[in-house]
Amino acid sequence: MLTTSRDCKRDSARNAIPSLGEIEGRMAVLEVVAQAALTHALAEGDDSVDKSLIAEIREAMHDKCGEMKLDRTDARAAVFYAEELICAAIQASHIVRQ
């Protein structure tokens, strides 16, 4: 993973550009933690909270994509991915509720 100690290393080890594996690893961590936390948080079983959460995250993702100046295609893909993540957590929380 990415570390600040990399700056003290020599030659190519000092290169601060992350490898694709490091980026994928970080994304995997974020996805697993987000889904687990959401599943736990949504275990209460309030469908109106589920719907409002999706709407709130959709709006926040549109704002964030605008800040990052993502093009329309990348922004749509990011919002779609966020919605998939939320829906998967909601689905998993329904299993926990039973």
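Peer 1: Break down the nonpolar core for me, citing the residues and quoting the values.
Peer 2: Core analysis: the largest hydrophobic core is formed by seven residues, namely L38, L42, L53, I54, I86, A89 and I90. Breaking this core down by element, the ones donating at least two residues are helix 2 (47–67) and helix 3 (72–97). If one sorts the elements of this core by residue count, helix 3 sits on top with three residues. Apart from the residues lying within four places of it in its own chain, the contact partners of I86 are L38, L53, I54 and I57.

Peer 1: Explain helix 2 to me, using residue names and the numbers behind them.
Peer 2: Taking 1.5 Å as the rise per residue, helix 2 with 21 residues should run 30 Å; its terminal C-alpha atoms sit 30 Å apart, in good agreement. Those residues of helix 2 not exposed but buried are D50, L53, I54 and C65. Along the axis of helix 2, the buried positions cluster into a sector of 100 degrees, meaning they face one direction only. Pointing more than 90 degrees away from the buried face of helix 2 are the exposed residues K51, E56, E59 and E67. Immediately beyond the C-terminal end of helix 2, within one or two residues, lies K69, with a positive phi of roughly 60 degrees.

Analysis parameters
- Residues numbered from 1 in each chain as written.
- Predicted model: local features only at pLDDT ≥ 70, side-chain atom pairs only at ≥ 80, totals over all residues.
- Heavy atoms only, no water.
- Core = buried A, V, L, I, M, F, W, Y, C linked by side-chain atoms within 4.5 Å.
- Buried < 20%, exposed > 50% of the residue type's maximum accessible area, 1.4 Å probe, protein only.
- Helix = DSSP H or I, 4+ residues; strand = E, 2+ residues; numbered from the N terminus.
- Contact = heavy atoms within 4.5 Å.
- Expected span 1.5 Å × (residues − 1).
- Arc of directions from axis to C-beta.

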